[in-house]
Amino acid sequence: MLPPLKKNFKMLDSVSTPVVKLALQDALTTIKNVRQHAAEYKIDSDKIGFMGSSA
């Protein structure tokens, strides 16, 4: 039987940090694009938001 794995949260943070930065950049770019096309999409550009959860 294998010993239980110890979680190394520092390692997890160093691995996930670039992904989080890219996700934030993607989200901000998306908001900018949606605001630029708000009239075309017939939406209020002041009422744009994001919602989600982690898997």
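Residues numbered from 1 in each chain as written. Predicted model: local features only at pLDDT ≥ 70, side-chain atom pairs only at ≥ 80, totals over all residues. Heavy atoms only, no water.

(A) Here's a closer look at the overall build of the protein. When its secondary structure is counted, the protein shows two helices and zero strands. Accessible surface, the protein: about 5,700 Å² in total, of which carbon and sulfur atoms supply 62%. (Helix = DSSP H or I, 4+ residues; strand = E, 2+ residues; numbered from the N terminus. Areas by Shrake-Rupley, 256 points an atom, 1.4 Å probe, with all protein chains shown as cover.)

(B) A look at unusual backbone geometry. The phi dihedral of K42 is positive, around 60 degrees, even though this residue is not glycine. Mapping K42 onto the fold places it in the segment after α2 (38–41). Note on K42: relative accessible area 76%, which makes it exposed. (Buried < 20%, exposed > 50% of the residue type's maximum accessible area, 1.4 Å probe, protein only.)

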